[in-house]
Amino acid sequence: MVDERIWTAALVVIGDEILSGRTQDKNVAQIALWLNVQGIRLAEVRVVADREEAIVEAVNTLRARNDYLFTTGGIGPTHDDITVDAIAAALGVGVVHHPKAVAVLENYYATRGGITDARLRMARVPEGADLIENRMSGAPGIRCGNIFIMAGVPSITAGMLDALTGTLQGGRPVVSGTLGCWVAESEVAELLGRIERSHAGVAIGSYPFFREGRTGANFVVRSPDSAQVDRCIADLAEALAAVGRESVPGGI
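As a starting point, this report considers the structure included with it. (Residues numbered from 1 in each chain as written. Predicted model: local features only at pLDDT ≥ 70, side-chain atom pairs only at ≥ 80, totals over all residues. Heavy atoms only, no water.)

### Thoughts on the pairing of strand β8 (residues 147–150)
- Burial of β8 is two-sided: the residues Ile147 and Ile149 facing one way and the residues Phe148 and Met150 facing the other way are all buried.
- Sheet analysis places strand β3 (residues 68–72) next to β8, joined by four bridges and oriented parallel. Among the inter-strand pairings, Thr72 is bridged to a residue of β8, identified as Met150.
- As paired strands, strand β7 (residues 141–144) and β8 are joined by three bridges and run antiparallel to one another. Residue pairing across strands places Ile142 opposite Ile149, the latter belonging to β8.
- With antiparallel pairing between neighbouring strands as the criterion, β7 and β8 make up a hairpin whose turn holds two residues, including Gly145 at a positive phi of roughly 60 degrees. (Buried < 20%, exposed > 50% of the residue type's maximum accessible area, 1.4 Å probe, protein only. Helix = DSSP H or I, 4+ residues; strand = E, 2+ residues; numbered from the N terminus. Pairing = 2+ DSSP bridges.)

Put into structure tokens, the structure is as follows:
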């Protein structure tokens, strides 16, 4: 049987405000969920400071070992928004004003005080780049080959993802099912490994918790094949029952 092609993506979250704790990132979850629907798995995430050398290193490393690379943050109008310059440096190209981006911004700001040099910064792109539509705030996202440069504001990122929906090549979306159990995961670690090995193409994640003075865990079964997920969950429930552990479909 031929192994199914697995498409992967990485995400670089850019911003000193993330690393300092002043801002809590919300883009990782929404990008991961969106990618899953496109049949693409988010394989790794890196958070980097607003430093060109850090962005260049992260971009060149992660784009080389994944099908797609997404970045969020650092494409606004201020001096510390350096993502475009850094990615252009990573690609070895110059930075230009995209004529369509200029026109979009001129139209957007026509009734909002007009275009300024600061606002024109948001029309700057690595040479040869395409645009990602932004229906919320005018300034577009940017696509450079397999790199997607997006806003840091989650609501704007969501709109850019919507504009990209259905345009990326991917595999089958990963589906999941959950089984909960009041048991310490260490007590069933070998059992979980055995069940996972007996179901090719399935991954089981174990997520422990402590509630009501008791230790438990939720076991999340993932696969591109929903029938495989169902079979694995059934076998896992049976195996837990065989060692005297009652499971809870859907999790606890």
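What follows picks up the thread again.
### Here's the deal with the packing of aromatic side chains
- Overall, the coordinates contain six aromatic pairs when judged by the stated rule.
- A ring pair is formed by Trp7 and Tyr68, whose centres lie 6.3 Å apart and whose planes are at 20 degrees; its orientation type is stacked. Of this pair, Trp7 sits in strand β1 (residues 7–14) while Tyr68 sits in strand β3; the two residues are 61 residues apart in sequence, bridging distant segments of the chain. Tyr68 shares its class with Trp7; the two are buried.
- Judged by centre distance (4.9 Å) and plane angle (20 degrees), the ring pair of Phe70 and Phe148 falls under stacked. With Phe70 in strand β3 and Phe148 in strand β8, this residue pair connects regions lying 78 residues apart in the sequence. Side by side, Phe70 and Phe148 carry an identical accessibility label, which is buried. (Phe/Tyr/Trp six-rings, centres within 6.5 Å; stacked < 30°, edge-to-face > 60°.)

### Points about the sheet that holds strand β9 (residues 175–181)
- Strand order across the open sheet formed by four strands is β10-β11-β9-β12, with antiparallel pairing between neighbours. Edge strands, defined here as strands with exactly one partner in the open sheet, are β10 (203–211) and β12 (247–249). Taking each pair of neighbouring strands and ignoring which way they run, the sheet shows an average axis angle of 25 degrees.
- The sheet contact formed by β9 and β12 spans three bridges and is antiparallel. Counterpart to Cys181 in the pairing with β12 is Ser247.
- Helix α9 (residues 226–242) contacts β9, β10, β11 (214–223) and β12 of the sheet and is inclined by roughly 10 degrees relative to β9. (Axes fitted to C-alpha atoms, helices over the stretch in contact; angles between N-to-C directions. Contact = heavy atoms within 4.5 Å.)

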